[in-house]
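Descriptive structure summary
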Amino acid sequence: GLGVFVPGCGTERDEGPVVARVGDAKLTVAQLDNQVADSEMAGEQRRLYVDSWVRRELLYHEALAREMDRTPRVRQMVEQARRDLVIAAFVDDRFNDSQIDVSESDVEQYYHLHTDDFRRADAEIRAQHILLGSRRDATALRSELQRGAVFEEKVRELSIDRETNTVGGDLGYFTADEHAEIWEACDGTSAGQLCRNVSVDGGYHIVRLTDRREAGSVRDLAEPSVREKILEALVREKHRQRIDELVTSLRAKHAWSVDETRLATQ
């Protein structure tokens, strides 16, 4: 077990009550509070965090007992980790106030130069849906839509899907594996037409197909997933460029050399 400790004993007056100990190592309540945010699952998360902390400390204490920290390989790994942390802190401090700006032309240029990165591996469809709570409501609404009711207006008015009722019920593009029931309901349907009603997990979906795309087709730049991927790539690229520029300036500032004759494999 974790043991029972009396608050206020020893150094706990300074550090606060201790929730777990392994040897001389202590996990205080304050440290635990700092790691686990208050939420509905806080109780379970606190238990999981404490268990994980005890596991790590037990392994660490045993490793120290076996003097693993004194082996040349581990010393080298620890030193490399220390250097990496110092470098990361320096880079963060150096560019802390320097925002990376990505222009729309940067995004478009990247998109056109990396077209193959955005080809679909599988066929996809795009659809809108209205989620209702009963079959009767779904049947009645379908009749309204067939008589000319505006789909997007009915989404805002009636759909109980909070994630899509503010965007016209748009489900985006998806494959047969991602939404199998909706995919099957849209089989044989043309873009702009209502698909068969779908019952999933007690909810009733009225679905309208908006687009079909075959495997190998290129995703549109307007798709959120495409823009997000491009923005992430451009930020990484521009960050590497600033690091390269910084290193170039440091080459002129510090003494350094490379013995080319010793680069070849012996």
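Bear in mind the structure is a predicted one, so any value in this text is a computation, not a measurement.

When its secondary structure is counted, the chain shows nine helices and six strands. For a compact globule of 266 residues, the expected C-alpha radius of gyration is about 18 Å, and the chain comes in at 29 Å, more than 25% above that figure. Seen through its principal axes, the chain has C-alpha atoms that stretch 80 × 65 × 40 Å. Taken over 266 residues, the chain has a buried fraction of 26%. Counting contacts in the chain only where the partners sit at least 6 residues apart, residues at least 24 apart contribute 63% of the total. By element, 49% of the accessible surface of the chain is carried by carbon and sulfur atoms, the whole surface being about 18900 Å².

We now examine the pattern of salt bridges. Close approach of charged atoms allows side chains of opposite charge to pair. Under the defined criterion, the tally for this structure stands at 20 salt bridges. Residue arginine 219 is joined to glutamate 124 by a salt bridge in which the shortest nitrogen-to-oxygen separation is 2.6 Å. Of the two residues, arginine 219 sits in the loop between strand 6 (203-213) and helix 9 (224-253) while glutamate 124 sits in strand 3 (residues 124-132), which places them 95 residues apart along the sequence. Arginine 208 is the partner of glutamate 152 in a salt bridge, and the nearest nitrogen-oxygen pair spans 2.9 Å. Highlighted residues: glutamate 152 in helix 7 (residues 151-158) and arginine 208 in strand 6, separated in sequence by 56 residues. Residues joined in a network through salt bridges with shared partners are Arg120, Glu124, Arg219 and Glu223.

We now examine the sheet that holds strand 5 (residues 198-200). Strand order in this open sheet of four strands is 4-3-6-5, and the pairing throughout is antiparallel. Whereas interior strands pair on both sides, the edge strands pair on one side only; in this sheet they are strand 4 (170-174) and strand 5. Averaged over all adjacent pairs, the angle separating strand axes in this sheet is 35°, with direction ignored. The pairing of strand 3 with strand 6 spans nine bridges and is antiparallel. Directly across from leucine 131, in strand 6, lies its bridge partner histidine 205. Lying over the sheet, helix 6 (residues 135-146) contacts strand 3 and strand 6, oriented at roughly 45° with respect to strand 6. In this fold helix 7 packs onto strand 3 and strand 6, with an angle of close to 45° to the strand it touches most, strand 3.

We now examine the layout of surface pockets. Estimates place the volume of the largest pocket at around 220 Å³. For the lining of the largest pocket, the elements supplying multiple residues, two or more each, are strand 4 and helix 9. Among the elements that line the lining of the largest pocket, the one with the most residues is strand 4, at four residues. In terms of residue class, the lining of the largest pocket is made up of four nonpolar, two polar and four charged.

A surface patch of nonpolar side chains, about 330 Å² in accessible area, is lined by Trp256, Val258 and Leu263. Tracing the chain through its elements places valine 258 in the segment after helix 9.

A separate point is the environment of glycine 203. Residue position: glycine 203 is located in strand 6. Judged by its relative accessible area of 10%, glycine 203 is buried. For the pair glycine 203 and leucine 48, spaced 155 residues apart in sequence, the C-alpha to C-alpha distance is 34 Å.

What follows is about the packing of helix 6 against helix 7. Two measures define how a pair of helices packs: the angle their axes make with one another and the distance between the axes. The N-to-C vectors of helix 6 and helix 7 enclose an angle of 150°; their axes lie 10 Å apart at closest approach. Judged on the interaxial angle alone, helix 7 and helix 6 are roughly antiparallel. For the crossing formed where helix 6 meets helix 7, the hand is right-handed. Between helix 6, through Leu141, Glu144 and Leu145, and helix 7, the contact on the second element is made entirely by Phe151, Lys154 and Leu158. Among the residues forming the contact of helix 6 with helix 7, the class breakdown is four nonpolar, no polar and two charged.

This part takes up helix 3 (residues 42-65). Look at helix 3: 34 Å from first C-alpha to last across 24 residues, which is about the 34 Å you get at 1.5 Å a residue. Every buried residue belonging to helix 3 is among Ala42, Val50, Trp53, Val54 and Glu57, and all of these are buried. Those residues of helix 3 that are buried are in contact with strand 1 (18-22), strand 2 (25-28) and helix 2 (29-35). Residue glutamate 67 follows helix 3 closely and has a positive phi angle near 60°.

Evaluation of the coordinates by the stated rule reveals one disulfide. Each disulfide pairs two cysteine sulfurs, and for cysteine 186 the partner residue is cysteine 195, the sulfurs being separated by 2.4 Å. Taking the sign of the torsion about the S-S bond as the criterion, the disulfide between cysteine 186 and cysteine 195, at about 95°, is right-handed. Exposure remark for cysteine 186: the relative accessible area of 0% places this residue in the buried category.

About the cut-offs
Residues numbered from 1 in each chain as written. Predicted model: local features only at pLDDT ≥ 70, side-chain atom pairs only at ≥ 80, totals over all residues. Heavy atoms only, no water. Helix = DSSP H or I, 4+ residues; strand = E, 2+ residues; numbered from the N terminus. Rg over C-alpha atoms; globule rule 2.2 N^0.38 Å. Buried < 20%, exposed > 50% of the residue type's maximum accessible area, 1.4 Å probe, protein only. Contact = heavy atoms within 4.5 Å. Areas by Shrake-Rupley, 256 points an atom, 1.4 Å probe, with all protein chains shown as cover. Salt bridge = Lys/Arg side-chain N within 4 Å of Asp/Glu carboxyl O. Pairing = 2+ DSSP bridges. Axes fitted to C-alpha atoms, helices over the stretch in contact; angles between N-to-C directions. 1 Å grid on protein atoms, 1.4 Å probe; cavity = no way out; pocket = protein on both sides within 12 Å on 5 of 7 lines; lining within 4 Å. Points joined across faces, edges and corners; volume = space filled by probe spheres on them. Nonpolar A, V, L, I, M, F, W, Y, C, P; charged D, E, K, R; others polar. Patch = residues over 30% accessible without salt bridge, like charges linked within 9 Å, V, L, I, M, F, W, Y side chains within 5 Å. Parallel < 35°, antiparallel > 145°, perpendicular 65-115°, else oblique. Left-handed = near helix turned anticlockwise from the far one by under 90°. Expected span 1.5 Å × (residues − 1). Disulfide = S-S within 2.5 Å.

Remember, this is a structural readout, not a statement about activity or role.
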